[in-house]
Amino acid sequence: MFLCYFTEQPMSAYPEDEGLKAGITSVLFSNKHFDPVEGSRLYRERLAEYIAADDLGFDGIMVNEHHNAPYCMQPRITVWSSILAAVTKKAKIVQLGNPLPMYDSPLAFAEDIAMLDMISEGRLVSGIVRGAGQEAICINSNPAYNRERFDEAHDLLVKIMTEDGPFHWEGEHFQYRVVNPWVRVLQQPHPRIWVPGVFSPETIVWAAEHRYPYIALNTPMHLTPQLWKTYDDAARRVGYEPGPENRGYLLRTHVADTDAKAEQGGREFMWMQGQFTGIGHPYWVSPPGYSSPSRRLLYTQMANGLAPRPFANSYEQQTANREIVAGSPQKVIDEVGHILETCRPSILMLWGNDGKVDHKDSMRCVELLGEKVVPELRKIGDSLGLKSPFELDTPVSLKFTPPHEVNPQPARAVEA
Amino acid sequence: MQEFSSTVAGLTIRGVRGGEGHPVVVVHHSFGHPGPLRFYEELAAHHAAWVPDLPGFGASDRPDWARHPRDLAIILGHFLRREGLTRAALVGMGFGGWVVAELATMAPELLSHLVLVGAAGLLPEEGRIFDQILVSHSAYVSAAFNDRDVYTRLYGDPPTDDTLITWDVNREMMTRVAWKPYMYNRQMAPLLCEVNVPTLLVWGDADAIVPRVCAEQYQRLLPDARLEIVADCGHAVDMERPTELAELVARFVTS
C-alpha cells in the first residue's frame, strides 16, 4: 500500500461568527478576517507535523491548492511542495494536484515540477486537476474552456517532460515560440501523474484512459463501487486490466489516545458548517461552461434555488457511513481495514486533522497514525493484495505501457 | 412574427422577423429574450423587424472558435449582407449593444442608424458593470428590471426549466467571449469616432446593470449621438417599456 498524510491546512483562526453572519465562507468572504500573525503560527505548526509524518514512515505527504477561503491555506501548490522537497527525507510529495487550466502557463508548471523532482531526489508525484469551479472565479480563468485547457496543458506537460527541446507549441489555448526549459525531471520517463476528483464521470474516464490512478476524494462509500466500475470499464476499453494500483482514496481519519478524545477532534471535520469547501453559492461551484452539459439543468436549478443543494450529512451519519473515521488506533485500524476490504484502493490518503484541532492534538494524531495505524494498515493491505504502483513498478501511463501489454477491447464487447 | 434561419460561416442563425418597411435589426441582451416580445411586434408595425439570436445564443449555432464579441459582430455583419439588410437600423440591448457598436466601428456603411440601449462595451469611468458571474441567473435577469412584476410576468415565478436552460446556454456563450475583461473592450473606444452614423442612446434611469456614465461616454465618443433617458425604468427597456422604446426607435429611424 501507499499510505499518505494529508491536511487541508485550515485557517482555523478565522472568526467563524463572521462567516455565519456573511452566510458565505468562500470567494467573496472578506480577507480582512485573515490574521497573518495566526497564519504564520499555523504554517509553522503544519511544517512540524509534516516533518513528523516523514520521520514516522508515511509513504507520502499530500498537498493541494485552493483560493479565497479559510478551509485551505495553500493558494500555491508549488510553495509547500518546495518546502517539503527540502525538509523531508523519504516521503513522496504528492501534489493533488497542479491546477493546470487555471493558469496561462503549463510551461511554468513543467519547470516547477522538474525543479521539485530534482530537489526532492525523485520523490515527486505530480498530480493534476482541472481546479474546482470557484477557483476559476478567484483566479479569473475562463471556466468555459477549463476542460479543453486541461487536456491541452496535460499534453504539453507530458511532451515537455519526455521530449528534448527546443520545440514550439501552437495549441488552441497555449502557444510558445520556444519550449526549452533548462530543468528536466529526474524520474523517468516522468514523475507519476495521479488524478484526484470527487465524482465526475468525465474525469474518471479520462484518468482511466490515460492509466493514471484516480484518487477518490472522500466520495460517499455507497457510490464508490460505481466509480470504480466506470474506471475499470474505460481501462479495459483502452486495453489494460485495472487493479488496486489504479485506485486511491482520501479518507478523513482522526486518531487520538481514546475514542472520546478522537470524537472531539473528528467533529472538527465539520468545522466549515459541514461543507468540504466552506459555504459558497452553487453558481460559484459550477460557473458557466465548467460542468458537463448533461448536468446543465440540475446545476442551473440548484443555482437558482429550484433544486436542493447537496449539503453534507451529519457527523453521526458520516461516521456511520465511514466517510469520517475517528477513534483510538485500534478502532481506526478496524474501520479503515473494512474500507480497504470493500473499496480495495492501494493508495490511501489519511486526512488526519482539520478545523480547530490544535497543534498538540494534531501532532498526537500524526504520531498515532504513523506508529500504530500505518504499520497495521500496511499488513492488511498486503493480506488483501493491495499493491501500489510503486510496489508493482507499473508504467506511469498508457502512453508508456509497452505495446505488447495493451489489448483494447471494442466498446461493444464491454456493453454486452 | 415568423421564424427564420440563415446560414453564415457554416452556422445556422435563427430568429424571428415580421413587418415591412425600413429594416430594423434588434440584437438581444446577454441573457437573450423570453420569446417574441411586444417590443418586436410594435417595431414590426412600421418596419421590417429582424431579431436574430446571436451565434451561440438561443437557437443559433455556436461558433466554437469565437473568443470575443467582435467575432460575433463579424458574423452579424455577414448575416446582414446575406439577408440584404445592408442599410439597416441596428438596435442593441445591453451586451447586444456592445456587439452592434463593434460592428459599427468596422462596417459603419452597413448601418442607417445605430440605437444603443443600456449598451455594454465601455469601461465605466465610475462604478462597474453588474457582474452576472457572481450571482444566480434569476438574480441577474431580475436585476435588469426596475418593475419586478414585469420580470415575473415575462419569466414566470419560478422560471421554467426551458428558461433556466436558455439562461445557462446564453451565460456560457457570454462567458466564452466576454469573461475577461468583463463586458468592455479597451480597443473599441478609440474607433467610435469613425462611426458616422446617426446614433440614439437610450438608458433606463434605474439601470442597475450598465452605469449611466457609459451613456455619457458613448455620447462623447460617437460623432452624432443623442441620449434619451427613460424614467422609472431598469436595464431591460425593451421589456419594461416596449411601446415607448418602439416609438423612440420609430421616430429616430423616420426622422
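1. Examining the overall build of chain B
Line of reasoning, step 1. Counting its regular elements, chain B contains nine helices and eight strands.
Line of reasoning, step 2. Dimensions along the principal axes, computed over C-alpha positions, put chain B at roughly 45 × 40 × 35 Å.
Line of reasoning, step 3. Sequence separation of at least 24 residues holds for 77% of the intrachain contacts in chain B that already meet a minimum separation of 6.
Line of reasoning, step 4. Summed over its atoms, the accessible surface of chain B is roughly 9,500 Å², and 47% of this surface lies on carbon and sulfur atoms.
Line of reasoning, step 5. Charge centroids of chain B, computed over 21 positive and 32 negative side chains, lie 5 Å from each other.

2. A look at the overall build of chain A
Line of reasoning, step 1. Counting its secondary structure elements, chain A contains 16 helices and eleven strands.
Line of reasoning, step 2. Here chain A has a C-alpha radius of gyration of 21 Å; the compact-globule value for 416 residues is 22 Å, and the two agree.
Line of reasoning, step 3. Each principal axis of the C-alpha distribution contributes one length, and for chain A these read about 55 × 50 × 50 Å.
Line of reasoning, step 4. By residue count, 59% of the 416 residues in chain A fall in the buried class.
Line of reasoning, step 5. Across chain A, the fraction of contacts at a sequence separation of at least 24, relative to all contacts at a separation of at least 6, is 76%.
Line of reasoning, step 6. When the accessible area of chain A is evaluated, it comes to approximately 16,700 Å², of which 54% is carbon and sulfur surface.
Line of reasoning, step 7. Treating the 40 positive side-chain charges of chain A as one cloud and the 52 negative ones as another, the clouds have centres 1 Å apart.

3. A look at the side chain of A:Thr394
Line of reasoning, step 1. With respect to the helices, strands and loops of the structure, A:Thr394 is situated in the loop between helix H15 (389–392) and helix H16 (411–415).
Line of reasoning, step 2. Other than its neighbours up to four places away in sequence, A:Thr394 contacts A:Arg192, A:Glu245 and A:Pro389.

4. Some remarks on the layout of surface pockets
All names here are of chain B.
Line of reasoning, step 1. Taken as a whole, the second largest pocket holds about 420 Å³ of empty space.
Line of reasoning, step 2. Along its surface, the second largest pocket is lined by 23 residues, and His33, Gly35, Asp53, Gly58 and Ala59 are the ones closest to its centre.
Line of reasoning, step 3. Of all elements in the fold, only strand E1 (2–8), strand E2 (11–18) and helix H6 (161–178) reach the threshold of two or more residues within the lining of the second largest pocket.
Line of reasoning, step 4. For the lining of the second largest pocket, the element with the highest residue contribution is H6, accounting for five residues.
Line of reasoning, step 5. Looking at the lining of the second largest pocket residue by residue, the classes come out as ten nonpolar, nine polar and four charged.

5. Some thoughts on the sheet that holds strand E3 (residues 23–27) of chain B
Residue and element names in this part refer to chain B.
Line of reasoning, step 1. Across the sheet, eight strands lie side by side as E1-E2-E4-E3-E5-E6-E7-E8; this open sheet has mixed pairing. Of all strands in the sheet, those with a lone pairing partner are E1 and strand E8 (225–230), marking the two edges. Ignoring which end each strand starts from, the neighbouring axes of this sheet average 25° apart.
Line of reasoning, step 2. Against the sheet, helix H2 (residues 69–82) engages E1, E2, E3, strand E4 (48–52) and strand E5 (88–93), with an angle of about 110° to E1.
Line of reasoning, step 3. Of the strands in this sheet, strand E6 (111–117), strand E7 (199–204) and E8 touch helix H7 (residues 213–221), which is tilted by about 170° from E7.

6. Quick look at the interface of chain A and chain B
Line of reasoning, step 1. Taken together, the contact pairs 22 residues of chain A with 22 residues of chain B.
Line of reasoning, step 2. Summed over both partners, the interface of chain A with chain B buries about 2,100 Å², with 59% contributed by carbon and sulfur atoms.
Line of reasoning, step 3. Together, A:Tyr145, A:Pro288 and A:Arg296 form the three largest contributors to the area buried by chain A at its contact with chain B, with a combined 28%.
Line of reasoning, step 4. Between the two partners, chain A and chain B, sit three salt bridges.
Line of reasoning, step 5. The salt bridge partner of A:Glu172 is B:Arg67, with a shortest N-O separation of 2.6 Å.
Line of reasoning, step 6. One can count 13 residue pairs in polar contact (both at pLDDT 80 or more) joining chain A with chain B.
Line of reasoning, step 7. Listed by contribution, the elements that provide at least two residues to the side of chain A that touches chain B are helix H5 (133–139), helix H10 (282–285) and helix H11 (296–303) of chain A.
Line of reasoning, step 8. Sort the elements by how many residues they give to the side of chain A that touches chain B and H11(A) lands first, with five residues.
Line of reasoning, step 9. Residues belonging to the side of chain A that touches chain B are distributed by class as follows: eleven nonpolar, eight polar and three charged.

7. Structural notes on the packing of aromatic side chains
Residues and elements named next belong to chain A.
Line of reasoning, step 1. Applying the stated criterion across every chain, the model contains 29 aromatic pairs over all chains.
Line of reasoning, step 2. Between the aromatic rings of tyrosine 5 and tyrosine 50, the centroid separation amounts to 6.4 Å while the plane-to-plane angle is 75°, which identifies the pairing as edge-to-face. Here tyrosine 5, found in strand E1 (residues 2–7), pairs with tyrosine 50, found in helix H2 (residues 36–55); they are 45 residues apart in sequence, far enough to count as distant. Residues tyrosine 5 and tyrosine 50 agree in their burial class; the two are buried.
Line of reasoning, step 3. An aromatic cluster is present here, built from Tyr5, Tyr43, Tyr50, Phe58 and Trp80 joined pairwise through their rings.

8. Some remarks on the pairing of strand E2 (residues 60–63) of chain A
All names here are of chain A.
Line of reasoning, step 1. What you see with E2 is no split at all: Gly60 and Met62 on one side and Ile61 and Val63 on the other are buried throughout.
Line of reasoning, step 2. Sheet topology note: the E2/strand E3 (residues 92–99) ladder contains four bridges and is parallel. Each bridged residue has a counterpart across the sheet, and for glycine 60 the counterpart in E3 is lysine 92.
Line of reasoning, step 3. Chirality of the crossover, the property in question, places the unit of E2, helix H3 (residues 77–87) and E3 among those that are right-handed.

9. Thoughts on empty space enclosed by the protein
Line of reasoning, step 1. Tallied over the full model, the rule gives eight cavities of 30 Å³ or more.
Line of reasoning, step 2. Quantified by volume, the largest cavity comes out at close to 160 Å³.
Line of reasoning, step 3. Of all the secondary-structure elements, those providing two or more residues to the lining of the largest cavity are H11 of chain A together with H6 of chain B.
Line of reasoning, step 4. In terms of residues, the lining of the largest cavity owes the most to one element, H11(A), which gives four residues.

10. Details of the nonpolar core
Line of reasoning, step 1. By size, the foremost hydrophobic cluster in this structure holds 110 residues, and its most contacted members are B:Phe95 and B:Tyr218.
Line of reasoning, step 2. Sequence-distant contacts of B:Phe95, defined by excluding residues within four places in its chain, comprise B:His28, B:His29, B:Ser30, B:Leu54, B:Phe57, B:Pro69, B:Leu72, B:Ala120, B:Met174, B:Val177, B:Ala178 and B:Met183.
Line of reasoning, step 3. Among the nonpolar cores identified, the runner-up in size contains 80 residues, and A:Leu156, A:Tyr176, A:Tyr212 and A:Ile333 belong to it.

11. What about the pattern of salt bridges?
Line of reasoning, step 1. Tallied over the full model, the rule gives 36 salt bridges over all chains.
Line of reasoning, step 2. B:Glu172 serves as the salt-bridge partner of A:Arg296, at 2.9 Å between the closest nitrogen and oxygen. Residue A:Arg296 is found in helix H11, and its partner B:Glu172 is found in helix H6; the two belong to separate chains. Judged on exposure class, the residue A:Arg296 and its partner B:Glu172 are both buried.
Line of reasoning, step 3. With a closest N to O distance of 3.2 Å, B:Glu172 and B:Arg62 form a salt bridge. Taken together, the residues span a long stretch of sequence, with B:Glu172 in helix H6 and B:Arg62 in the loop between E4 and H2 at a distance of 110 residues.
Line of reasoning, step 4. Under the relative-accessibility criterion, B:Glu172 is labelled buried at 9%.
Line of reasoning, step 5. Overlapping salt bridges, with partners in common, bring together A:Glu38, A:Arg41, A:Glu45, A:Arg46 and A:Glu49 in one network.

12. Things to note about the environment of A:Arg296
Line of reasoning, step 1. Judged by its relative accessible area of 15%, A:Arg296 is buried.
Line of reasoning, step 2. Ignoring any residue separated from it by four or fewer positions in sequence, one finds A:Arg296 in contact with B:Ile165, B:Asp168, B:Val169 and B:Glu172.
Line of reasoning, step 3. Polar contacts involving the side chain of A:Arg296 include one to the side chain of B:Glu172, which spans 2.9 Å.

13. Description of helix H13 (residues 329–343) of chain A
In an α-helix there are 3.6 residues to a turn, and that puts residues three or four apart on one side.
All names here are of chain A.
Line of reasoning, step 1. The end-to-end C-alpha distance of H13, which contains 15 residues, comes to 20 Å, matching closely the 21 Å that a straight helix rising 1.5 Å per residue would cover.
Line of reasoning, step 2. Within H13, burial applies to Pro329, Val332, Ile333, Glu335, Val336, Gly337, Ile339, Leu340 and Cys343.
Line of reasoning, step 3. Against helix H8 (224–238), strand E9 (247–255), helix H12 (315–320), strand E10 (324–327), strand E11 (347–353) and helix H14 (359–383) lie the buried residues of H13.
Line of reasoning, step 4. Arginine 344 sits one or two residues past H13 and shows a positive phi near 50°.

Quick notes on the rules
- Residues numbered from 1 in each chain as written.
- Chains lettered and ligands numbered in written order.
- Predicted model: local features only at pLDDT ≥ 70, side-chain atom pairs only at ≥ 80, totals over all residues.
- Heavy atoms only, no water.
- Helix = DSSP H or I, 4+ residues; strand = E, 2+ residues; numbered from the N terminus.
- Contact = heavy atoms within 4.5 Å.
- Areas by Shrake-Rupley, 256 points an atom, 1.4 Å probe, with all protein chains shown as cover.
- Lys, Arg positive; Asp, Glu negative; His and termini not counted.
- Charge placed at Lys NZ, Arg CZ, Asp CG, Glu CD.
- Rg over C-alpha atoms; globule rule 2.2 N^0.38 Å.
- Buried < 20%, exposed > 50% of the residue type's maximum accessible area, 1.4 Å probe, protein only.
- 1 Å grid on protein atoms, 1.4 Å probe; cavity = no way out; pocket = protein on both sides within 12 Å on 5 of 7 lines; lining within 4 Å.
- Points joined across faces, edges and corners; volume = space filled by probe spheres on them.
- Nonpolar A, V, L, I, M, F, W, Y, C, P; charged D, E, K, R; others polar.
- Pairing = 2+ DSSP bridges.
- Axes fitted to C-alpha atoms, helices over the stretch in contact; angles between N-to-C directions.
- Buried area = accessible area lost by both parts, 1.4 Å probe.
- Salt bridge = Lys/Arg side-chain N within 4 Å of Asp/Glu carboxyl O.
- Polar contact = N/O pair within 3.5 Å; in protein donor to acceptor, adjacent residues only side chain to side chain.
- Phe/Tyr/Trp six-rings, centres within 6.5 Å; stacked < 30°, edge-to-face > 60°.
- Right-handed = clockwise from strand over helix to strand, strands pointing away.
- Core = buried A, V, L, I, M, F, W, Y, C linked by side-chain atoms within 4.5 Å.
- Expected span 1.5 Å × (residues − 1).

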